[in-house]
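# Remarks on the overall topology
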Amino acid sequence: MSFSCLRNVTRCGMVKVSPSGALVSKLWGPCVAREVQTSAPKAAVAHGTKPDWNRAVSEAEKIVGYPTSFLSLRWVLSDEIANVALHLRKLVGSNHPLLKTAKNLIYNGKNNMQAWGLIVLLVSKAAGHSPEIPDMEQDKAAGVLHSQRALAEVTEMIRTSHLVHKGLVNMNAPQVGPGGPGGPGDPDDMMFGNKIALLGGDYLLANSCSELANLRNQELVELMSSAVRDLAEAEFLGERDEQNNPLPSRPLPKDHMEAPLEWECVLQPLPMGGVAGSARREWAARHVLAAGALLGKSCSATLKLAGHAPALQTQGYLFGCHLALAWQAFLDLEAFSGPEPRSFSLVGAPLAFTLQARPELYELIEQGRRSVHDVDYHKLYEAVVAGDGIEQTKQLQREHIRAASHVLDSFPNCDARTALANIIVAMHP
């Protein structure tokens with residue numbers, strides 16, 4: 001994949017941007033265009049100190065008028081969600097992955113990915129909207145359009161439905177978990193949990209499609225549908241164990257790597273040429289598909305709803321992709337910022353860079369073909385800490401932070417833009 005996707009493609013509503021402004025410049029390194037030269041994030045921090053994550057998000061929510069998590073009152077009080085919550089209680093003690101997903105969705109901290117809708121609304125407010133839009137379509141108090149608020153909910157519903165669907169357990173594979181043979185729980189509990197995960201995820205996805213259709217914008221539906229496709233494609237990228245947990249590809253020598261292909265249109269599937277076996281490219285492709293595309297296309301879509309030119313829509317897409325990748329690098333580094341964890345992501349950037357430098361370590365990954373729990377995480381952890389994978393990941397994060405901040409300069413100076421800058425600063429290593 002080459003993310004110089006943002007070339008002149010009128011049918012996608014995108015316009016040509018320079019290679020230095022395209023996402024590819026940071027993802028593919030020396031293979032592609034020159035490095036983006038941007039300044040450090042210029043956040044106007046209220047008290048002259050670096051904001052922590054919770055404070056940055058809390059202040060941002062005040063700017064858009066309300067907490068933006070999909071767990072809003074109208075969703076919590078709906079009969080369907082109430083029934084799901086009731087059945088979910090029956091899984092307590094079963095160790096079904098759906099319980100962990102539910103905990104991560106509700107947990108209000110750095111790992112709470114429900115800030116997707118908040119980012120979309122902040123971009124909406126930072127950019128403003130066309131004066132031609134009728135007053136009845138505007139939410140004057142929040143400074144956004146009613147359609148943009150609906151889009152933010154759609155984004156979170158799509159994201160949440162994907163996370164819930166990922167909680168499905170492969171009942172045909174031997175159930176081997178951290179507790180050893182015998183599996184994470186009783187087969188009946190696992191099957192019941194699968195039904196809740198499938199139906200709950202389908203309910204959210206169906207509602208997101210209904211809300212999206214109500215916006216009555218065919219181009220918007222096409223753009224967001226391509227984001228759903230990207231989320232599905234992320235689940236088939238690279239090697240997997242029997243429970244569909246991702247494994248990194250075997251590292252390739254630099255002289256055997258394919259040249260990255262051009263991604264000519266944001267709506268088209270991402271070409272995978274030159275991805276497998278390249279630490280930086282594979283990491284970027286995996287997380288653009290799994291998160292960046294949804295956030296980027298949602299930011300682009302909200303600018304389309306506001307009547308902005310294709311050039312600014314492109315900048316919104318770039319901002320979302322860069323922010324999602326900086327966020328992912330931030331999460332990848334957390335496992336190596338404290339005591340040694342019991343396990344960590346095998347497709348995170350620190351391990352990817354370590355495997356690229358020491359290909360012989362891939363034998364430890366091979367142990368996880370049946371289950372990722374069979375991998376010797378201690379040896380991999382020691383290898384990552386001893387090498388420069390952590391420092392390379394910090395550098396990777398800085399690159400995406402600078403690129404996101406550079407795109408943010410395209411927006412007018414206002415409180416919403418400051419809130420976005422503060423969120424970026426809160427992720428800075």
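Quick note: structure is the one above.
Now for a quick tour of the structure. The structure displayed is predicted, hence computed values, not measured ones. What you see as residue numbers is a count from 1 along each chain, following the sequence as written. Selection of residues for local features in this predicted model requires a pLDDT of at least 70, selection of side-chain atom pairs for listing and counting requires 80 or more, and totals for whole chains, interfaces and linings are taken over all residues. Water and hydrogen atoms were dropped before computing side-chain values, which therefore reflect all heavy atoms in the structure.

### Examining the overall build of the protein chain
- The helix count covers DSSP runs of H or I at least four residues long, the strand count covers runs of E at least two residues long, and both are numbered beginning at the N terminus. Summing up its helical and strand segments, the protein chain has 16 helices and 6 strands in all.
- Buried, partly exposed and exposed residues are distinguished by accessible area as a fraction of the type maximum, computed with a 1.4 Å probe on protein chains only: under 20%, between the cut-offs, and over 50%, respectively. The burial tally for the protein chain puts 55% of its 429 residues in the buried class.
- What makes two residues a contact is simply this: any of their non-hydrogen atoms within 4.5 Å. Considering only residue pairs separated by 6 or more positions, the protein chain has 76% of its internal contacts joining residues 24 or more positions apart.
- With the model as given, the accessible surface of the protein chain reaches about 18700 Å², and the carbon-plus-sulfur share is 55%. Note on areas: Shrake-Rupley, 1.4 Å probe, and residue coverage restricted to the protein chains presented here.

### Topic: helix H6 (residues 116-127)
- Helix length check: H6, at 12 residues, gives a terminal C-alpha distance of 17 Å against a target of 16 Å (1.5 Å per residue), a fit within 8%.
- Counting buried residues in H6 gives 12 out of 12 residues, a clear majority hidden from the surface.
- Along H6, the residues classified as buried are Trp116, Gly117, Leu118, Ile119, Val120, Leu121, Leu122, Val123, Ser124, Lys125, Ala126 and Ala127.
- Those residues of H6 hidden inside the fold are in contact with helix H2 (53-64), strand E2 (144-145), helix H7 (146-165), helix H10 (279-305), helix H11 (310-334) and helix H16 (415-427).
- Within two residues after H6, glycine 128 carries a phi angle of roughly 75°, on the positive side. Under the convention used throughout, the expected extent of a helix is 1.5 Å for every residue step, that is, one less than its residue count.

### Quick look at the nonpolar core
- Each nonpolar core is a collection of buried residues, namely Ala, Val, Leu, Ile, Met, Phe, Trp, Tyr and Cys, held together in the definition by side-chain atoms within 4.5 Å. If you look at the biggest cluster of nonpolar residues, it comprises 63 residues, and the most contacted ones within it are Ile119, Leu122 and Phe319.
- Those elements giving two or more residues to this core turn out to be H2, H6, H7, helix H9 (218-234), H10, H11, helix H15 (389-408) and H16.
- Element by element, the count of residues in this core is highest for H11, at 11 residues.
- Setting aside residues no more than four positions away along its own chain, isoleucine 119 makes contact with Leu295, Cys299, Phe319, Leu323, Leu420 and Ile423.
- Among the nonpolar cores identified, the runner-up in size contains 20 residues, and Leu333, Tyr362, Leu380 and Val384 belong to it.

### Examining a nonpolar patch on the surface
- A cluster of nonpolar side chains, Leu168, Leu198 and Leu199, forms an exposed patch at the surface whose accessible area comes to about 260 Å².
- Relative to the helices and strands, leucine 199 resides in helix H8 (residues 187-214). Each patch groups residues whose relative accessible area exceeds 30% and which form no salt bridge, using 9 Å between like charges and 5 Å between nonpolar side chains of Val, Leu, Ile, Met, Phe, Trp and Tyr. Counted as salt bridges are all cases of a side-chain nitrogen of Lys or Arg within 4 Å of a carboxyl oxygen of Asp or Glu.

### Structural notes on the packing of aromatic side chains
- Only rings of Phe, Tyr and Trp enter the pairing, Trp through its six-membered ring, and a pair is recorded when the two centres are within 6.5 Å. The plane angle decides the type: under 30 degrees is stacked, over 60 is edge-to-face, the rest tilted. Tallying each qualifying case throughout the model produces 5 aromatic pairs.
- Measuring from centroid to centroid gives 6.4 Å for phenylalanine 344 and tyrosine 381, while their planes differ by 55°, and the two rings are tilted. With phenylalanine 344 in the loop between H11 and helix H12 (349-357) and tyrosine 381 in helix H14 (residues 377-386), the pair connects residues that are 37 residues apart, well separated along the chain.
- Given a relative accessible area of 8%, phenylalanine 344 falls into the buried group.
- By relative accessible area, which is 12% here, tyrosine 381 ends up buried.

### Some details on unusual backbone geometry
- One non-glycine residue, arginine 216, lies in the positive phi region at around 55°.
- Within the element layout of this structure, arginine 216 appears in the loop between H8 and H9.
- Overall, the relative accessible area of 77% leaves arginine 216 in the exposed class.
- A positive phi angle is found at asparagine 244, which is not glycine, with a value near 70°.
- Mapped onto the elements, asparagine 244 comes out in the loop between strand E5 (239-240) and strand E6 (246-247).

### Concerning the packing of H7 against H9
- Fitting a line to C-alpha atoms yields each axis, with helices limited to the stretch in contact; the angle taken between N-to-C directions then spans 0 to 180 degrees. Interhelical geometry of H7 versus H9 gives an angle of 20° and a closest axis separation of 11 Å. One element, H7, and the other, H9, form an angle in the roughly parallel class. Of the two elements, H7 crosses H9, and the hand of that crossing is right-handed. The segment H7 lies against H9, with Leu151, Thr155, Ile158 and His162 engaging Met224, Val228 and Leu231.
- By the convention adopted, Pro, Cys, Tyr, Trp, Phe, Met, Ile, Leu, Val and Ala count as nonpolar, Lys, Arg, Asp and Glu as charged, and the other residues, Gly among them, as polar. Looking at side-chain class alone, the contact of H7 with H9 contains 5 nonpolar, 2 polar and no charged residues. Small angles under 35 degrees read as roughly parallel and large ones over 145 as roughly antiparallel, with 65 to 115 read as roughly perpendicular and the rest as oblique. By definition, turning the near helix anticlockwise from the far helix through less than a right angle yields a left-handed crossing, and turning it clockwise yields a right-handed one.

### Description of the side chain of histidine 162
- Along the chain, the position of histidine 162 falls in helix H7.
- Among all residues touching histidine 162, those that are not within four sequence positions of it are Leu231 and Glu235.

### As for the packing of H6 against H11
- At a minimum axis distance of 12 Å, the contact between H6 and H11 shows a crossing angle of 145°. The handedness of the crossing between H6 and H11 comes out as right-handed. On H11, the residues that touch Trp116, Ile119, Val123 and Ala127 of H6 are Leu312, Phe319, Leu323, Ala324 and Trp327.
- Counted by class, the contact of H6 with H11 contains 9 nonpolar, no polar and no charged residues.

### Quick notes on H15
- Between its terminal C-alpha atoms H15 stretches 28 Å, which fits the 28 Å expected from 20 residues at 1.5 Å a residue.
- Of all 20 residues making up H15, 14 are buried, and the element is well covered by its neighbours.

### Some details on the pattern of salt bridges
- One pass over the full model with this rule turns up 14 salt bridges.
- Here arginine 358 ties to glutamate 360 by a salt bridge, and the two come within 3.1 Å at their closest N and O atoms.
- Residues arginine 417 and aspartate 409 are paired through a salt bridge, measuring 3.5 Å at the closest nitrogen-oxygen approach.
- Overall, the relative accessible area of 18% leaves arginine 417 in the buried class.
- With a relative accessible area of 37%, aspartate 409 lands in the partly exposed category.
- Members of the salt-bridge network, linked through shared partners, are Glu239, Arg250, Glu366 and Arg369.

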